[in-house]
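# Geometric and topological summary
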Amino acid sequence: MERLQNYIHGRYAASTANATFDNVNPATGEVFAQVEPALEAEVDAAIRSAEQGFQRWSAMSGPERGRVLHTAARLLRERNRELALLEVRDTGKPIQEAEAVDVASGADCLEYFAGVASTLRGEQIALGSAFVYTRREPLGVCAGIGAWNYPIQIACWKSAPALACGNAMVFKTSDMTPTTAAKLAEIYTEAGLPDGAFNVVHGDGRTGALLTGDPRVAKVSLTGSIGTGKKVLAAAAQSVKRVTMELGGKSALIVFPDADLHQAVSAAMLGNFYTQGEICTNCTRVFVHDDIHDRFLDLLAERTKKLRVGDPLDPETQVGALISRAHMERVLGYIASGKAEGARLVLGGARADVGPQAGGNFVLPTIFADCTDDMTIVREEIFGPVMSVLRFSDEDEAVRRANATRFGLAAGLFTRDLARAHRVAARLEAGICWVNTYNVTPIEMPFGGMKESGVGHENGQAAIEHYTQLKSVFVELGDVPCPYE
Ligand code: TXE
């Protein structure tokens, strides 16, 4: 049986815990590794090491930091296949996705922020007989806390901007997907990152709470559920930590009658079935105009029926296994509630029988039609391959209903009418709004939610503000304006 340890100060370190937890393959149910959790002693060691790492790393110049990140990006790309296979074993997602997206998007992120490292700057403000300049300074030790759906990508999205800005990071993996962030730590060490500048600890919410409760941690960046986000915010308040929160969503896709139907169906499928539906930005509420509703639904069902569900290691597989048995039961529970509350099941709606992988957590891509806004499946985040299709008849109604939720992560719309596209994009209460596409997240674009879906942004230049603090320096060129002469 494999064993996975915490990665502290440039090496794997044995835990003081006398118990381990299982790492389970979602596609088979097989336990393939034992993971050593980080308790008080390990979290303390990781933070102390990060404080040392911070001293060395923040003293390096921007171009030097950029070179380390560039080298790490190259190593990530060289190990793409190996890391993708590990990601599949942890998450159950199809290998074709992991190879094309997960590691590559992490490497994109490292490259982007490698460039950013040497562009950090303040401004100079002229003021009569004085001048003021501002400095962008790192925060110190940051904590990154990851979810299980995009483990290595999330670790890159958090660590790359943090490191580019001169911070150190202690990253806590999700207890269900601990493997690849530890590999990222190895890669950073190989690339020349000082020991301690990026440490990885494993464990569940208790390990996360040790990090968020520690006053030596200056900032927390969480990807997780809204419930966890609220707990982390409360803990962070105790020592007024900076926070970035990427939380859940229940996003709307609005398909207007002039839409390119084939493209709109492609986007709806991508935004519901990619990664088995375990994506926070997914457009799980698809609002389709009355005039095209039936044609849209027919096309959607016809194409969704052809999706290949099965062994994630098979390169032909398009829909893999859900993260855990408990999560699959939860998703099946939502499907049952959809049926009970009167939604019309068009497709799927059950576990998928994938033969030899009977121990896996497979659910068929599921489409519900005739949905109403009050149904549980329309209100709550399911985080599985379950799409709700709703009808609408005019623009105002679609916008009002799309916005009638506490979530505000993302939204999408399909129309060929330019004025309507921009008008509706402006009115949708969502941190990201896609026009005539869905779920495209280039590293250059800020990523973050409105309302209860989040605080702050990852990616793009916006991330710099979240990993630096601004200092104003006032320089007097004349006399002190002292009234006591
Ligand atoms: O989340 P959890 P999960 C959301 C989405 C989905 C959920 C799935 O809403 O339902 O995340 O991920 C740690 N103090 N998104 O089930 O349980 C926990 O150990 C500190 C949104 O993993 O909230 C894990 O590492 N940490 C999204 C992490 O928090 C705590 C993308 C998240 O756990 C803690 C992906 C505590 N008290 C998923 N309790 C986006 N917006 O980008 C738990 N944790």
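Residues numbered from 1 in each chain as written. Predicted model: local features only at pLDDT ≥ 70, side-chain atom pairs only at ≥ 80, totals over all residues. Heavy atoms only, no water.

Broken down by element type, the chain carries 15 helices and 21 strands. In terms of overall dimensions, the chain is globule-like: its C-alpha atoms have a radius of gyration of 24 Å, near the 23 Å expected for 485 residues. Judged by the C-alpha coordinates and their principal axes, the chain covers about 80 × 60 × 40 Å. Counting the 485 residues in the chain, one finds 57% classified as buried. Sequence separation of 24 or more characterises 74% of the internal contacts of the chain that already satisfy a separation of 6 or more. (Helix = DSSP H or I, 4+ residues; strand = E, 2+ residues; numbered from the N terminus. Rg over C-alpha atoms; globule rule 2.2 N^0.38 Å. Buried < 20%, exposed > 50% of the residue type's maximum accessible area, 1.4 Å probe, protein only. Contact = heavy atoms within 4.5 Å.)

Turning our eyes to something else, we now look at the packing of aromatic side chains. Tallied over the full model, the rule gives nine aromatic pairs. Summarising the aromatic geometry, the rings of Trp 148 and Phe 383 are spaced 5.3 Å apart at their centres and angled 80° between planes, so their arrangement reads as edge-to-face. Placement of the pair is Trp 148 in the loop between strand S8 (141-145) and helix H5 (151-164) and Phe 383 in the loop between helix H12 (376-379) and strand S17 (386-392), with a sequence separation of 235 residues. In this structure Trp 148 comes out as buried when scored by relative accessible area, which is 15%. (Phe/Tyr/Trp six-rings, centres within 6.5 Å; stacked < 30°, edge-to-face > 60°.)

Counted by the stated rule, this structure contains 32 salt bridges. Ionic pairing is found between Arg 81 and Glu 99, a salt bridge with its closest N-O pair at 2.9 Å. Of this pair, Arg 81 sits in helix H3 (residues 80-91) while Glu 99 sits in helix H4 (residues 95-116), placing them 18 residues apart in sequence. Residue classification places Arg 81 among the partly exposed residues on the basis of a relative accessible area of 46%. With relative accessibility at 28%, the residue Glu 99 sits in the partly exposed group. A single salt-bridge network, built from bridges that share partners, covers Asp 44, Arg 48, Asp 214 and Arg 216. (Salt bridge = Lys/Arg side-chain N within 4 Å of Asp/Glu carboxyl O.)

With that settled, consider the pairing of strand S14 (residues 285-289). When you tally the buried positions in S14, you get five out of five residues, the bulk of the element. Here S14 shows no split at all, with Arg 285, Phe 287 and His 289 on one side and Val 286 and Val 288 on the other all buried. Here four bridges tie strand S13 (residues 252-255) to S14, and the two strands are oriented parallel to one another. Note on S14: the bridge partner recorded for Ile 254 is Phe 287. The parallel pair S13 and S14 is bridged by helix H9 (residues 261-273), and the resulting crossover is right-handed. Direction of pairing for S14 relative to S17: parallel, over a ladder of five bridges. The partner of Phe 287 across the bridge, within S17, is Leu 390. (Pairing = 2+ DSSP bridges. Right-handed = clockwise from strand over helix to strand, strands pointing away.)

As a further point, take the domain arrangement of the chain. Partitioning the chain into structural domains gives domain 1 (2-247 + 449-472) and domain 2 (252-435). Placing the centre of domain 1 and that of domain 2 at their C-alpha centroids yields a distance of 30 Å. Counting residues at the interface gives 29 residues for domain 1, matched by 35 residues for domain 2. Across the interface of domain 1 and domain 2, roughly 2400 Å² is buried in total on both sides, 57% from carbon and sulfur atoms. Our count for the domain 1 to domain 2 interface comes out at 15 residue pairs in polar contact (both at pLDDT 80 or more). Those elements that provide at least two residues to the side of domain 1 that touches domain 2 are H3, H4 and helix H8 (226-237). Among the residues forming the side of domain 1 that touches domain 2, the class breakdown is 13 nonpolar, nine polar and seven charged. (Domains from an automatic or database assignment. Buried area = accessible area lost by both parts, 1.4 Å probe. Polar contact = N/O pair within 3.5 Å; in protein donor to acceptor, adjacent residues only side chain to side chain. Nonpolar A, V, L, I, M, F, W, Y, C, P; charged D, E, K, R; others polar.)

With that settled, the discussion passes to the sheet that holds strand S6 (residues 124-127). Each strand in a sheet pairs with its neighbour through backbone hydrogen bonds, running either in the same direction (parallel) or in the opposite one (antiparallel). The antiparallel open sheet is built from three strands, whose spatial order is S6-S7-S21. Each of the sheet's edge strands pairs with one partner strand only, and the pair in question is S6 and strand S21 (468-476). Looking at each pair of strands side by side, their axes are set apart by 20° on average, direction ignored. Where strand S7 (residues 130-138) and S21 come together, nine bridges link them in antiparallel fashion. Considered in S21, the bridge of Pro 138 is made with Thr 468. (Axes fitted to C-alpha atoms, helices over the stretch in contact; angles between N-to-C directions.)

The next subject is the layout of surface pockets. If you add up the space inside the second largest pocket, you get close to 220 Å³. The leading source of residues in the lining of the second largest pocket is S7, at five residues. Its residues assigned to classes, the lining of the second largest pocket shows three nonpolar, five polar and five charged. (1 Å grid on protein atoms, 1.4 Å probe; cavity = no way out; pocket = protein on both sides within 12 Å on 5 of 7 lines; lining within 4 Å. Points joined across faces, edges and corners; volume = space filled by probe spheres on them.)

Our next topic: the site of the ligand. Around the ligand sit 27 residues, and of these Gly 146, Ser 225, Thr 228, Leu 247 and Glu 381 come closest. Interatomic distance of 2.6 Å between a backbone N/O atom of Gly 146 and an oxygen atom of the ligand. Contact distances for the ligand include 3.4 Å between an oxygen atom and a backbone N or O atom of Gly 224. Its free accessible area being 830 Å², the ligand has 86% of it covered by the protein chains. For the shell around the ligand, the secondary-structure elements that each account for two or more residues are helix H7 (205-212), strand S11 (217-223) and H8. A per-class count over the shell around the ligand returns eleven nonpolar, eleven polar and five charged. When residues of the shell around the ligand are sorted by domain, at least three fall in each of domain 1 (2-247 + 449-472) and domain 2 (252-435). (Near = heavy atom within 4 Å. Areas by Shrake-Rupley, 256 points an atom, 1.4 Å probe, with all protein chains shown as cover.)

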